Amino acid sequence: MSLAFLPSTRLLRTRRAWVPILGWTAFAVAGAMIARAGGAVRGADHALLGAYATVALPLLVYGVVAAALGGDSLARSGASQISLGASPFGVARATVLVSVAASATIGAVLAVSVAALAHGPQDPPLAADVARCAEIGALGGAAYGAFFTLGASFGARGFGRSLLLLVDWFFGVGHGSSAVLTPRAHIRSLLGGVAPLHMTARSSFMALTLLAFVCSALAVQRAGRAEWPLPRR
Amino acid sequence: MIQADGLTARSAPVALAPLSFELGAGVHALVGTYVDGVPLVLAALAGRVRLRKGSLRLLGKPLTEVRASVAYVPLDLALPDALTVNETFALAAEIRGEPRAEAAPRLAALGIASLGPRRVRSLTRAEARAVAMAEALTSSARVILLEEPYMTLDPRAAAVLAVRLRERAKDGACVVIGTASVRDAIDLADDQLVFDRGVLVRTMATGASTATPGAGLVRLSAGVSDIGPVLPELAKEATITAIESDHACIVVSGLDARELAAAVGRAVLRAGVDLEWLRADAPRLEELRAGGGGNAAAAYQAAMQQRARSVPPPGAP
């Protein structure tokens, strides 16, 4: 539990966390307001599939993960605690847990806000829609959080995180087999868009859950075994 | 406390040849530069880099079982960036399973109590290293690994570091310092393990006579409050073969460093003047690696010991 203190504090106290959270939240809310102002009959669907799922959620979670890791790789982000005597696996587990939980929470809150603000006459009843959006937002946020945390276990400064953002961006927009491994395609499917390989909503739900667990586990394994190379002098 | 058997590790461009040693309670110095692999040995002992071969036991157990009893302060140290210094100490106490205690007295041990409320991010590098050393030296850790302890260290901490290291060693801790400074290694440690390009080439003990008979003259420099009365007293000492002086200091030469230092002490006492300083040049790292430097090391140690007996510590009445 004490090992979760540092990544949590990084999220609460650093500008690196607050700037992307406020920025991408404002972007998603603006998308919802525009949908509402335009009188879209399915405003929530439009705003969620558009500004929220396409741009705001992945970039917001990318920023949250970067902030939780202090802008470093997953292994190096825990170096200070390891120097104080903590187990590398324990530190990696706590960091991944905080990143995924924060991403899920923020994803859910933002999805609910967007759905409520952009709700149109032909959207499902508000209460049910908001509950469903909270579920999808939380799962999507968690999957992205785990996905980017795994990315941060590659590269000296966690460069893999940026690489996976691009992979999600380029492969997730399609409907083929390459999209199956990206959170973007499954979140789109759950929000009413086209599913990859015509998977059912339930399959996409399972795929996102699996993605969150597998990526988290791999990230912990990689960071727990990682060396922390000496700087060249 | 530390048992390394055939230990090898690698962190490009440095690699360690199979290394075996045992270190018990006390202060031990690993002497050598980055390319000699000294930081790499410390990193391997701390579990920062993987062992390629061999075995390592700390406190009789594998590192993974005693990690909380190991404190490691590398040169490129990282402190928890988003926390304050007080929070860092609280976090460290939880990790090590210690009862939570105020950070101020622990920081005061190295003279930096005022840093407690500061954010770690706001500390200078020298302050951050002092904080990390204060944590390491006042924790329950029984194996303490310090890389270049005096480098980029807050002067308040540097002034008392040697005393704190000795105290921890006396408490039964195994303190290992890695340094390229022969002077620091002799000043701080009970023994020195000398490295050359990843190979442990020599082990020396501070205080043991390492002088080689017939290896040549050793020279000691001394500063006294009044040179005039001392010169005739020095001339009476048989072990001194040559005396040089100017208005600032006296340089004496002889064959035995310990005898020379003692002779200076006796002459100063008889002359009734104050010995302000006494020093010898520490041997160079290359000399130690080559198996020489014994006379210089002995001279340096003798000067330090004589000075400790004759010169009151700073701040003493």
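Sequence order as written defines the numbering, with residues in each chain counted from 1. A letter from A marks each chain and a number from 1 marks each ligand, given out in the order of writing. Per-residue local features of the predicted model are confined to residues with pLDDT of at least 70, and side-chain atom pairs are confined, for both listing and counting, to 80 or more; whole-chain, interface and lining totals are unaffected and use all residues. The side-chain quantities take in all heavy atoms of the structure and omit both hydrogens and water.

**A closer look at the packing of helix H2 (residues 15-37) of chain A against helix H3 (residues 43-68) of chain A**
In a packed pair of helices, the relevant descriptors are the angle between the two axes and the axis-to-axis distance.
All names here are of chain A.
Working step 1: To obtain an axis, a line is fitted to C-alpha atoms, over the contacting stretch when the element is a helix, and the angle between two such axes runs from 0 to 180 degrees between their N-to-C directions. What counts as a helix is a DSSP run of H or I of at least four residues, what counts as a strand is a run of E of at least two, and both are numbered from the N terminus. It is the contact of H2 with H3, at a shortest axis distance of 9 Å, that shows an interaxial angle of 175°. Between H2 and H3, the angle falls in the class roughly antiparallel. In this structure, H2 uses Arg 16, Ala 17, Pro 20, Ile 21, Trp 24, Thr 25, Phe 27, Ala 28, Gly 31, Ala 32 and Ala 35 to contact H3, whose residues at the interface are Gly 43, His 46, Ala 47, Ala 51, Val 55, Ala 56, Leu 59, Leu 60, Gly 63, Val 64, Ala 66 and Ala 67.
Working step 2: Residue polarity is assigned by list, with Asp, Glu, Lys and Arg as charged and Ala, Val, Leu, Ile, Met, Phe, Trp, Tyr, Cys and Pro as nonpolar; anything else, Gly included, falls into the polar class. Of the residues in the contact of H2 with H3, the class split is 17 nonpolar, five polar and one charged. Put simply, angles under 35 degrees are roughly parallel, angles over 145 are roughly antiparallel, angles from 65 to 115 are roughly perpendicular, and the rest are oblique. Contact definition: two residues touch when any of their heavy atoms are within 4.5 Å.

**Focus: the interface of chain A and chain B**
Working step 1: Listed per partner, the contact involves 26 residues of chain A and 36 residues of chain B.
Working step 2: Buried area: the sum, over both parts, of the accessible surface (1.4 Å probe) that disappears when the two are put together. Between chain A and chain B the total buried area reaches about 2700 Å² when both faces are included, carbon and sulfur atoms providing 57% of it.
Working step 3: By definition, a salt bridge exists where a carboxyl oxygen of Asp or Glu is found within 4 Å of a side-chain nitrogen of Lys or Arg. Inspection of the chain A/chain B interface yields three salt bridges.
Working step 4: Two N or O atoms form a polar contact when they lie within 3.5 Å of each other; inside protein one atom must be a possible hydrogen donor and the other a possible acceptor, and for residues adjacent in sequence the pair counts only when both atoms belong to side chains. In this assembly, chain A and chain B are joined by seven residue pairs in polar contact (both at pLDDT 80 or more).
Working step 5: Listing elements by their share of the side of chain A that touches chain B, those giving two or more residues are helix H1 (5-13) and helix H5 (79-83) of chain A.
Working step 6: A total of five residues in the side of chain A that touches chain B trace back to one element, the largest contributor, which is H1(A).
Working step 7: The class makeup of the residues in the side of chain A that touches chain B is 11 nonpolar, nine polar and six charged.

**Looking at helix H6 (residues 155-170) of chain B**
Along an α-helix, residues three or four apart share an orientation, since each turn contains 3.6 residues.
Residue and element names in this part refer to chain B.
Working step 1: Between its first and last C-alpha, H6 extends 24 Å over 16 residues, near the 22 Å set by a 1.5 Å rise per residue.
Working step 2: Bending is quantified residue by residue as the angle between axes fitted to the seven-residue window ending at that residue and the seven-residue window starting at it. Of all the bends found along H6, the most pronounced is centred on Leu 161 and spans about 50°.
Working step 3: The set of residues buried in H6 consists of Ala 157, Leu 161, Leu 165, Arg 168 and Ala 169.
Working step 4: For H6, the secondary structure elements touched by its buried residues are strand S4 (26-31), helix H5 (125-138), strand S8 (143-147), strand S9 (174-179) and helix H7 (182-188).
Working step 5: Sitting at the amino-terminal end of H6 is Asp 154, which places a side-chain oxygen 2.9 Å from the backbone nitrogen of Arg 156. For a helix, the expected span equals 1.5 Å multiplied by the number of residues minus one. Here's how the labels work: a residue is buried when its accessible area is under 20% of the maximum for its type, exposed when over 50%, partly exposed in between, all with a 1.4 Å probe on protein chains only.

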